[in-house]
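The primary structure of each chain is shown beneath.
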Amino acid sequence: MAALSDLSERFTCSICLDVFTDPITTSCGHNFCMACIRSHRDRSPCSMCPLCGKALDSKQDFTINRTIRDTAEDIKRKRIQENPEVSCDSCPKKKMRVAVKSCLHCGTSFCETHLEPHVTAEKLMKHKLINPVKNLDEYICKNHERPLVLYCRDDQTAICQFCSESDHKNHNTVHLEEESLKLLMNKKIQDKSRKMKEIKHSTRFNKQAKEKEIEENIKFFKEIFERSNAELLELMEEKHKETERRGEELIRELDKEINELKRRQTELEQLSNPMDFTQIINLLRNPIYTKRSNNISIDAHEHGRILRNTISWLQGVLDEKMRETVGRELRSVQRYAVDVTLDPDTAYPELMLSDDGKEVWNTGESQKIPDTPKRFNHCSCVLGKEGFSSQKFYYEVHVSRKTEWDLGVAKESIDRKGEIGLHPENGYWTVWLRNREEYAANDCSPVPLTLKEKPVKVGVFVDFEEGLVSFYDVEARYHIYSFTGQSFPEKLYPYFSPGEYEEGQNSQPLIITPVDSIE
């Protein structure tokens with residue numbers, strides 16, 4: 001998971017330079033606070049996007065991007081957790097409220113009620129207000145007890161107005177906000193440059209890895225072809241020699257038979273006429289043919305058998321190569337493993353969850369629990385607690401000894417009441433098992449799957465940028481199915497269904513397992 005500072009930067013409005021409030025997405029694909037971009041657009045009839053310079057659509061009705069809004073609100077909540085609330089210095093201790101601003105001139109923090117004079121009184125309106133902070137002393141000049149509102153570039157330090165007229169006179173000074181903004185922009189530029197270098201390095205590395213993989217694959221298939229071709233030729237040559245040997249042997253035997261027949265023919269010619277019947281019987285008593293002479297054809301099916309055996313061997317080699325390839329692919333996606341826990345508030349009433357939220361099974365008996373909007377009320381399924389957006393994520397589930405199950409991901413906005421149509425148009429990307437051995441991918445039209453063996457552990461991988469949802473048989477290192485070219489406009493949640501109870505035949509749980517990288 002990215003650090004809070006990294007997330008804050010990614011979800012910062014480039015106009016107000018703060019985390020998004022009611023974020024919208026413009027027609028050119030950039031994100032801003034709704035109030036910020038409306039104010040920017042309304043100032044000019046031909047306003048441009050502050051980031052790319054493309055003309056903004058004056059008629060566009062901005063709609064809040066819920067996915068970005070939820071993430072921005074999470075960031076703000078985490079900020080509050082990491083930075084405890086500042087209390088109002090003017091409130092009684094028993095009724096102390098949270099401060100909304102700190103005044104550098106007064107050296108005091110105010111709640112919304114006690115801040116009102118600074119908003120209405122003309123003299124107080126000139127005071128410098130900042131977001132509430134506990135360490136106000138760090139914002140006050142220790143020499144003159146005045147707000148640090150300037151920045152001395154020569155000495156690289158924050159100073160007050162009196163400092164600029166005394167110790168820092170004739171120094172290069174600017175307003176602190178201006179310098180902070182410049183430093184922020186410089187930091188952004190440096191960060192972008194660093195990321196660009198990382199991408200270039202990664203691109204070069206990927207190019208080298210790709211070239212090496214292509215080279216290895218060419219070498220592999222060349223070796224396979226040469227080996228299979230050589231073995232096939234060797235087998236055919238051996239068979240050909242065997243056929244020649246058998247043919248020569250048959251010819252020798254036939255030659256002997258012909259000579260024997262000629263000898264007997266001579267004897268017959270030498271007999272006196274009329275021929276004695278007993279003599280004829282003696283000559284013909286022993287037939288002159290061998291077992292081999294009745295079958296002198298060559299077995300044509302032998303060539304087919306040789307070719308079949310060679311192709312079978314080649315299939316075995318390719319299967320092993322596929323395992324190696326999928327193994328590398330799995331190692332790559334396992335880097336994006338996330339900790340998934342089941343959400344009891346979404347679980348169908350017949351489902352039971354383990355205390356750690358890692359197992360789910362169907363009990364066959366409905367529990368008396370409230371039918372909340374989040375809960376599935378008709379289908380035996382449950383979602384993960386945490387949703388994911390704009391990132392890659394991966395998790396694994398143990399599915400052994402079950403007669404049916406569903407696995408995959410679902411959109412946050414799915415309909416959870418009544419019958420469910422498990423396909424992408426309804427916001428579900430899943431595969432399932434039915435009747436112990438019938439596997440299918442629930443695409444727009446169901447896709448029957450023929451698996452080499454029953455999976456014990458299934459891996460699920462999602463790539464938002466690529467629009468990809470892939471399923472793997474982890475132990476067999478086998479790719480089961482992939483949904484490609486998809487669009488995910490909102491958060492996705494891990495989706496699980498242990499199936500129906502089936503009179504105890506399908507009572508085994510689905511188990512979310514820790515991801516151990518394969519060797």
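Presented here is an overview of the structure given in this document. (Residues numbered from 1 in each chain as written. Predicted model: local features only at pLDDT ≥ 70, side-chain atom pairs only at ≥ 80, totals over all residues. Heavy atoms only, no water.)

Tracing the chain through its elements places Ser-87 in the loop between helix H3 (66-82) and strand E3 (101-103). Look at Ser-87 and you get partly exposed, because its relative accessible area is 34%. Along the chain, Ser-87 and Lys-101 lie 14 residues apart, while their C-alpha atoms are 10.0 Å from each other. (Helix = DSSP H or I, 4+ residues; strand = E, 2+ residues; numbered from the N terminus. Buried < 20%, exposed > 50% of the residue type's maximum accessible area, 1.4 Å probe, protein only.)

For the second largest pocket, the calculated volume is near 300 Å³. Lining the second largest pocket we find 13 residues, and of these Phe-11, Asn-31, Asn-65, Ile-68 and Ser-390 sit closest to its centre. At three residues, H3 tops the list of elements feeding residues into the lining of the second largest pocket. Split by residue class, the lining of the second largest pocket holds five nonpolar, six polar and two charged. (1 Å grid on protein atoms, 1.4 Å probe; cavity = no way out; pocket = protein on both sides within 12 Å on 5 of 7 lines; lining within 4 Å. Points joined across faces, edges and corners; volume = space filled by probe spheres on them. Nonpolar A, V, L, I, M, F, W, Y, C, P; charged D, E, K, R; others polar.)

Further remarks concern the sheet that holds strand E8 (residues 173-175). Backbone-to-backbone hydrogen bonds pair the strands of a sheet. The strands run either parallel or antiparallel. As summarised here, the arrangement of the three strands in space is E7-E6-E8, forming an open sheet in which the pairing is antiparallel. Whereas interior strands pair on both sides, the edge strands pair on one side only; in this sheet they are strand E7 (157-159) and E8. Each strand of the sheet is rotated relative to its neighbour by a mean of 35°, with strand direction disregarded. Across three bridges, strand E6 (residues 150-152) lies against E8 in antiparallel orientation. Bridge pairing links Leu-150 to His-175 in E8. (Pairing = 2+ DSSP bridges. Axes fitted to C-alpha atoms, helices over the stretch in contact; angles between N-to-C directions.)

Here the focus is the packing of aromatic side chains. One pass over the full model with this rule turns up 10 aromatic pairs. Both rings, one in Tyr-428 and one in Tyr-495, keep their centres 5.5 Å apart while their planes meet at 80°; by these two values the pair is edge-to-face. In this pair, Tyr-428 sits in strand E14 (residues 428-434) while Tyr-495 sits in strand E20 (residues 492-497), placing the two residues 67 residues apart along the sequence. Taking relative accessible area as the criterion, Tyr-428 reaches 1% and is therefore assigned buried. We classify Tyr-495 as buried; its relative accessible area is 2%. Here Phe-471 and Phe-483 contribute two aromatic rings whose centre-to-centre distance is 6.2 Å and whose plane-to-plane angle is 70°, an arrangement assigned as edge-to-face. Of this pair, Phe-471 sits in strand E18 (residues 468-473) while Phe-483 sits in strand E19 (residues 478-483), and the two are 12 residues apart along the sequence. Classification of Phe-471 by relative accessible area gives buried; the value is 0%. Through pairs of rings, three or more aromatic residues link up here, namely Phe-376, Tyr-428 and Tyr-495. (Phe/Tyr/Trp six-rings, centres within 6.5 Å; stacked < 30°, edge-to-face > 60°.)

Of the pairings in the sheet, the one linking E14 to strand E15 (residues 438-441) comprises four bridges and is antiparallel in character. Note on E15: the bridge partner recorded for Leu-433 is Tyr-439. Remark: three residues form the turn of the hairpin made by E14 and E15, two consecutive strands paired antiparallel; Asn-435 in that turn has positive phi of roughly 55°. Linking E15 back to strand E16 (residues 447-449) in an antiparallel pair, the connection comprises five residues.

Next up on the list: the pattern of salt bridges. Pairing between side chains of opposite charge can happen when their charged atoms approach one another. Per the counting criterion, the structure on display carries seven salt bridges. The partner of Lys-358 in a salt bridge is Asp-339, with the nearest N and O atoms 2.5 Å apart. One end of the pair, Lys-358, is in the loop between strand E9 (351-353) and strand E10 (359-362); the other, Asp-339, is in the loop between helix H8 (301-333) and E9, with 19 residues separating them in the sequence. Using a relative accessible area of 57% as the deciding quantity, one classes Asp-339 as exposed. Lys-392 serves as the salt-bridge partner of Asp-463, at 3.9 Å between the closest nitrogen and oxygen. Of this pair, Asp-463 sits in strand E17 (residues 457-463) while Lys-392 sits in strand E12 (residues 392-398); the two residues are 71 residues apart in sequence, bridging distant segments of the chain. (Salt bridge = Lys/Arg side-chain N within 4 Å of Asp/Glu carboxyl O.)

What follows deals with empty space enclosed by the protein. Scanning the model with the defined rule gives one cavity of 30 Å³ or more in all. Estimates place the volume of the largest cavity at around 40 Å³. If you trace the largest cavity, you find it lined by Trp-405, Val-431, Trp-432, Tyr-439, Ala-440, Leu-449, Leu-451, Pro-455, Val-458 and Ile-480. Elements supplying a minimum of two residues to the lining of the largest cavity: E14 and E15. By residue class, the composition of the lining of the largest cavity is 10 nonpolar, no polar and no charged.

Attention now goes to unusual backbone geometry. Positive phi, close to 50°, is recorded for Asp-22, a residue that is not glycine. Structurally, the position occupied by Asp-22 is in the loop between helix H1 (4-10) and strand E1 (23-25). By relative accessible area, which is 37% here, Asp-22 ends up partly exposed. Although it is not a glycine, Glu-502 sits at a positive phi angle of roughly 55°.

Looking now at the pairing of E10. In E10, alternate side chains face the same way, and those of Val-360 and Asn-362 are buried while those of Glu-359 and Trp-361 on the opposite face are not. Where E9 meets E10, three bridges bridge the pair, whose relative direction is antiparallel. Residue pairing for E10: Met-352 is matched across the bridge by Trp-361. Count of turn residues in the E9/E10 antiparallel hairpin: five residues, of which Gly-357 carries a positive phi of about 70°.

Limitation: the analysis is restricted to geometry and does not speak to function.
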